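# A structural walkthrough
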Amino acid sequence: MEYTVKALADLAGITPRTLRWYDKKGLLKPCRMTGSGYRLYGPAEVDRLQTILFYRELGLPLDRIQTLLDDPAFDRLAALQSHLSVLEAQRERLDALILTVQKTITEAKGETKMPDTEKFEAFKRRVIAENEETYGGEIREKYGDEEVERAHSCLMSLTEEEYDSWKALGEEIRASLETAVPANVDPAGEEGRRIAGLHRRWLSYSWEAYTPQAHRGLAELYTADPRFTAYYDRKISGCAAFLRNAVQAHMK
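Definitions and limits used
Residues numbered from 1 in each chain as written. Predicted model: local features only at pLDDT ≥ 70, side-chain atom pairs only at ≥ 80, totals over all residues. Heavy atoms only, no water. Helix = DSSP H or I, 4+ residues; strand = E, 2+ residues; numbered from the N terminus. Buried < 20%, exposed > 50% of the residue type's maximum accessible area, 1.4 Å probe, protein only. Contact = heavy atoms within 4.5 Å. Areas by Shrake-Rupley, 256 points an atom, 1.4 Å probe, with all protein chains shown as cover. Phe/Tyr/Trp six-rings, centres within 6.5 Å; stacked < 30°, edge-to-face > 60°. Lys NZ or Arg CZ within 6 Å of the ring centre and 35° of its normal. Pairing = 2+ DSSP bridges. Axes fitted to C-alpha atoms, helices over the stretch in contact; angles between N-to-C directions. Parallel < 35°, antiparallel > 145°, perpendicular 65-115°, else oblique. Left-handed = near helix turned anticlockwise from the far one by under 90°. Nonpolar A, V, L, I, M, F, W, Y, C, P; charged D, E, K, R; others polar.

### Regarding the overall build of the chain
Tallying secondary structure elements over the chain gives 12 helices and 3 strands in all. Buried positions account for 36% of the 252 residues belonging to the chain. Restricting to contacts in the chain with at least 6 residues of sequence separation, those with at least 24 account for 62%. Element-wise, carbon and sulfur atoms account for 52% of the exposed surface of the chain, whose accessible area totals about 14600 Å².

### What to know about the packing of aromatic side chains
The tally for this structure, following the rule as stated, stands at 4 aromatic pairs. Relative to Tyr232, the ring of Tyr222 has its centre 5.0 Å away and its plane inclined at 50 degrees; by these criteria the two rings are tilted. Separated by 10 residues along the polypeptide, Tyr222 in helix H10 (residues 212-224) and Tyr232 in helix H11 (residues 226-232) bring together distant segments of the chain. As far as the burial class goes, Tyr222 and Tyr232 line up, both buried. Exposure remark for Tyr232: the relative accessible area of 5% places this residue in the buried category. Three or more aromatic residues link up through ring pairs in this structure, and these residues are Tyr222, Tyr231 and Tyr232. Residue placement shows Arg174 over the ring face of Tyr231; its charged tip is 5.3 Å from the ring centre.

### Details of the sheet that holds strand E1 (residues 3-4)
In space, the 3 strands of this open sheet follow the order E1-E3-E2, with antiparallel pairing throughout. The open sheet has two edge strands, E1 and strand E2 (32-33), and neither has a second partner. Where E1 and strand E3 (residues 39-41) come together, 2 bridges link them in antiparallel fashion. Each residue of the ladder has a partner; that of Tyr3, found in E3, is Tyr41.

### Topic: the environment of Gln50
Here Gln50 lies in helix H3 (residues 43-57). In this structure the C-alpha to C-alpha distance between Gln50 and Ala12, which are 38 residues apart in sequence, comes to 7.8 Å.

### Notes on unusual backbone geometry
The backbone of Asn184 sits at a positive phi, close to 55 degrees, despite the residue not being glycine. Among the structural elements, Asn184 can be located in the loop between helix H8 (160-180) and helix H9 (190-204).

### Quick look at the packing of H3 against helix H4 (residues 62-70)
Where H3 meets H4, the closest approach of the two axes is 10 Å, and the angle between their N-to-C directions is 135 degrees. In terms of axis orientation, H3 runs oblique to H4. You can see that H3 and H4 cross each other, and the crossing is right-handed. Contact with H3, carried on its side by Arg48, Thr51, Ile52, Tyr55 and Arg56, involves Leu62, Ile65, Leu68, Leu69 and Asp70 of H4 and no other residues of that element. Here the residues of the contact of H3 with H4 are counted per class, giving 6 nonpolar, 1 polar and 3 charged.

### Details of the packing of H9 against helix H12 (residues 239-250)
How two helices sit against one another is set out by the angle between their axes and by the gap between those axes. The contact between H9 and H12 brings their axes to 8 Å, and the two run at 95 degrees. Regarding the angle of H9 to H12, the classification is roughly perpendicular. For the pair H9 and H12, contact is made by Gly192, Arg193, Ile195, Ala196 and His199 and by Phe242, Leu243, Ala246, Val247 and His250, respectively. For the contact of H9 with H12, a count of residues per class yields 6 nonpolar, 3 polar and 1 charged.

Next up, the structure:
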């Protein structure tokens, strides 16, 4: 079956303008044009659009989606299985948050007593799920499943005070980067050394065994993968590169 722009847009719940934009970018081309100049989309284009929309739901930018789909090694079945894993992780995270809220409500009513550890478990699970969802594939490929699971275990074992310190340290690193980059600070200098040291301390909360080599390898991902870059560059471009360069200069 073939669809016009309007018919496919209605089917997918998007606007015809979006489809025309995808065509202009080369992300989704029609299978053919009619003699009157109408775009027509066939089964292959319908499947590609579905995959595009899956990736958009996961927050990937269009340029990254196009790179993935145009890769000769792209495997649609593997991608669908990956999407399913991510969605299941999101569901588990929501289920954990719902349970925590339910327990908190019963405690507020005086019906039960909720241990302090349970009050923060869902939040730690959310951080793990978000990291797994965004960076899991690359991290597991680079360090292996065993190391990743060990890091998750370390994070889950943090006390309330340790968890708060870990979160605060992450914010301090970002704030320091956002001050250093506009000021053209040299990442190989003393401020770069301080920030790299903060980053090492931050990693120590989830890394059971730290090595400078592993630290440098992780820092390389901050500029090699746009999702890592986006985390540090959310306000000021160049923060991820500064952190990578500081780690490379000082963590030896």
